[in-house]
Amino acid sequence: MEAPQERMSRRTLLAAGIAGLGGMLACRVGSPEGPTSAPAPPEGGLVIRNARPLDAEAPLAQLRSFLTPNEHFFVRSHFGPPTTLPSQWTLTIDGAVKQPVTLTLAEIRKLNAATQTITTECAGNGRGNFRLPKTAGVQWQYGAVSTARWTGVPLGVVLEQAQLTPDARHLWMEGLDQAPIAKVPKFIRSIPADLALNAAFLAWEMNGSPIPLLHGGPLRLLTLGWFGMASTKWLTHIHARPAVSDNFFMATAYRFADGSPVERLRVKSLITAPLADERLRTGKVRVAGQAWSGLGSGGIKSVEVSLDDGQTWQPTRLTGQEYPYAWRSWESEIQIATPGPKRLLARATDRSGSVQPRRADPNPGGFGNNSMPEVGFDATQA
Amino acid sequence: MRLRLDTLFACSICLTGITSACRPASGQAGDDVATQMAAPRPSAVLQQVVAESEKASAAALPEGTGRALVEGNCLICHGAALIQQQHKDSAGWTKTVKQMRTWGAPLAEQDEPALIAYLVKSYGIKEP
């Protein structure tokens, strides 16, 4: 019998392979003489930004596949996983409901399971790329974003069992995680009831395996099209309330400079090939990456690349299948005519017409940096 | 109160919930799915890498009177890297330290200026 970890890894990789031809082809990077395989991931599989609580990015080379293997999926939480887990996991829904309910994990798993492919991005992804003289929080670069195929049920199916009343306008999501010191407020986020009913997913499997503890297992929320802070991990309690949560992490944290709340994903692209400082030959070079937005319905209209700091742009091909709330893989071949240092830019446009900015407006919290990605590399004469 | 670093590391790694030392209560199979089976723990390799990362970041704290204050107050809840990657002026670090005291960091009020001065000196505004 396979060890659970081995089984998870193989199944995840299989899923990644099936999910998109790009997942396999993405390993072929550069000109025919150039690198042909992704560099090995760091030991442990992640780029660690902070050890405790663990905040770690996906290595960019591991984001070449459409689905991110669980062991490379970025890790983020305010307090880390709960240190003590109950023998039986339950989810309670109460407050403004006709029928408060407490469901066991087994009962939830008996509901009609579905799969949903979802891209999740930390609101602070790219904070470190703002390069501000004053900055707080984890200095993420490009890799606090990942995509997985989740198994679970639409949250609305579970909420039906409790029957929300008209006063249930916001659902406060509480997980089992907490700080080592009891006075630190818990991480409680709320989402509007209409969003909870129509665009939220309750998951217990990730890429075909039980959700790893670091990723919110055994039960977590995924709020579609919103930054990751709205996708509560280790979910145990849903409080149906008339008002938005007054928790610190809702009322004070996660705000842009003008005080507006950080919510929906912004149009954004990522370059996964070539990688920074890679050495390539002149001639035809394959470039590739991912692009996403918070729109749903696929979202991404086009991705273009530039080698001349945005003076001219070249279209790329969108590849693989389109999923409403997942990123879209893109690729192209560009001609490198002369040797020397090069800088590649990418920009995505979504179906609403929003274009990824060259440089996003910085804000003190470092949220929502959807500036165009840029990769510097060297070309040598073929 | 000052925690010994070896105690702190053992404790801190446990607080991340990623070591086998932090086992959940034993599950009752019955009709339900035992929680620990439903939420696999990180690999041994990742646990080791994380532990080494935490040690390295703590070791990189600059010498000075504030270092012991960081070790004894801040590292109770989080790793040193969380501090080291931030850059704030005196007002910024003052706000952070006061917030942490409000949230239960055991820092004595009379030690606040020394801790803030250490943080500003070590992790102040970053040159453009």
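Residues numbered from 1 in each chain as written. Chains lettered and ligands numbered in written order. Predicted model: local features only at pLDDT ≥ 70, side-chain atom pairs only at ≥ 80, totals over all residues. Heavy atoms only, no water.

Would you mind going over the overall build of chain A in detail, with residue names and values included?
For chain A, the count of helices and strands is six helices and 21 strands. Buried positions account for 59% of the 382 residues belonging to chain A. Within chain A, contacts between residues separated by at least 24 positions form 71% of all contacts whose residues are at least 6 apart in sequence. Here chain A has roughly 14800 Å² of accessible surface; of this, 51% comes from carbon and sulfur atoms. (Helix = DSSP H or I, 4+ residues; strand = E, 2+ residues; numbered from the N terminus. Buried < 20%, exposed > 50% of the residue type's maximum accessible area, 1.4 Å probe, protein only. Contact = heavy atoms within 4.5 Å. Areas by Shrake-Rupley, 256 points an atom, 1.4 Å probe, with all protein chains shown as cover.)

So what's going on with the overall build of chain B? Residues and values would help.
The helix and strand tally for chain B stands at seven helices and zero strands. Sequence-ordered secondary structure for chain B, helices as α and strands as β, is α-α-α-α-α-α-α. Looking at chain B residue by residue over its 128 residues, the buried ones come to 48%. Once local pairs closer than 6 in sequence are excluded, the contacts in chain B between residues at least 24 apart make up 62%. Working note: accessible area of chain B is about 6400 Å², and carbon and sulfur atoms make up 59% of it.

Could you give an account of the sheet that holds strand β15 (residues 283-292) of chain A, with specific residues and numbers?
Residue and element names in this part refer to chain A. One open sheet accounts for four strands, arranged β13-β15-β19-β18; its pairing is antiparallel. Either end of the sheet is taken by a strand with one partner, and the two such strands are β13 (268-273) and β18 (317-319). Strand-to-strand twist of the sheet, defined as the mean angle between neighbouring strand axes without regard to direction, takes the value 35°. (Pairing = 2+ DSSP bridges. Axes fitted to C-alpha atoms, helices over the stretch in contact; angles between N-to-C directions.)

Help me get a handle on the confidence of the model for chain B, residues and values and all.
Residue and element names in this part refer to chain B. Scored by pLDDT, chain B comes out at a mean of 80, with 71% of its residues at no less than 70. For the stretch residues 1-31, pLDDT sits under 50, and the model shows 57 contacts to residues farther than four places along the chain or on other chains. We note a pTM of 0.88 for the whole complex and an ipTM of 0.85 for its interfaces. (pLDDT = per-residue confidence, 0-100.)

Which residues make up the pairing of strand β21 (residues 374-380) of chain A, and what values do they have?
Residue and element names in this part refer to chain A. Sheet topology note: the strand β14 (residues 279-281)/β21 ladder contains three bridges and is parallel. Across the sheet, residue Arg281 finds its bridge partner in β21, namely Thr380. Direction of pairing for strand β20 (residues 340-350) relative to β21: antiparallel, over a ladder of six bridges. Bridge pairing in β21 places Gly340 opposite Ala379.

Could you give an account of the sheet that holds β14 of chain A, naming the residues involved and the relevant values?
Residue and element names in this part refer to chain A. Overall, mixed pairing links the five strands, which are arranged β14-β21-β20-β16-β17 in an open sheet. Where the open sheet ends on each side, the last strands, each with one partner, are β14 and β17 (314-315). As defined by bridge partners, strand β16 (residues 300-306) adjoins β20 across six bridges and the pair is classed as antiparallel. Note on β20: the bridge partner recorded for Ser302 is Thr349.

How would you summarise the packing of helix α4 (residues 65-74) of chain B against helix α7 (residues 112-123) of chain B if you had to cite specific residues and measurements?
Residues and elements named next belong to chain B. The interhelical angle for the contact between α4 and α7, taken along N-to-C directions, is 105°, at an axis separation of 9 Å. With respect to α7, the element α4 is oriented roughly perpendicular. Within the contact between the two elements, α4 uses Gly66, Arg67, Leu69, Val70 and Cys74 and α7 uses Ala114, Leu115, Tyr118 and Leu119. Counted by class, the contact of α4 with α7 contains seven nonpolar, one polar and one charged residues. (Parallel < 35°, antiparallel > 145°, perpendicular 65-115°, else oblique. Nonpolar A, V, L, I, M, F, W, Y, C, P; charged D, E, K, R; others polar.)

Run through the packing of helix α6 (residues 90-102) of chain B against α7 of chain B, naming residues and quoting values.
Residues and elements named next belong to chain B. Contact geometry of α6 with α7 gives a least axis separation of 9 Å together with a crossing angle of 135°. Judged on the interaxial angle alone, α7 and α6 are oblique. Crossing angle aside, the handedness with which α6 passes α7 is right-handed. Residue-level inspection shows Ser90, Trp93, Thr94, Val97, Lys98 and Arg101 of α6 in contact with α7, the latter providing Glu112, Leu115, Ile116, Leu119, Val120 and Tyr123. (Left-handed = near helix turned anticlockwise from the far one by under 90°.)

Describe the pattern of salt bridges, with residues and values.
Should the charged atoms of two oppositely charged side chains come close, the side chains can pair. By the definition in use, this model includes 21 salt bridges over all chains. Salt-bridge contacts for Glu331 of chain A lead to Arg286 of chain A; the nearest nitrogen and oxygen are separated by 2.6 Å. Of this pair, Glu331 of chain A sits in strand β19 (residues 328-336) while Arg286 of chain A sits in strand β15, and the two are 45 residues apart along the sequence. We note a salt bridge from Glu63 of chain B to Arg67 of chain B, for which the minimum N-O separation is 2.9 Å. Accessibility expressed as a relative area gives 68% for Glu63 of chain B, which makes it exposed. Each of the salt bridges in this network shares a partner with another, and the network as a whole consists of Arg286, Arg317, Glu331 and Glu333 of chain A. (Salt bridge = Lys/Arg side-chain N within 4 Å of Asp/Glu carboxyl O.)

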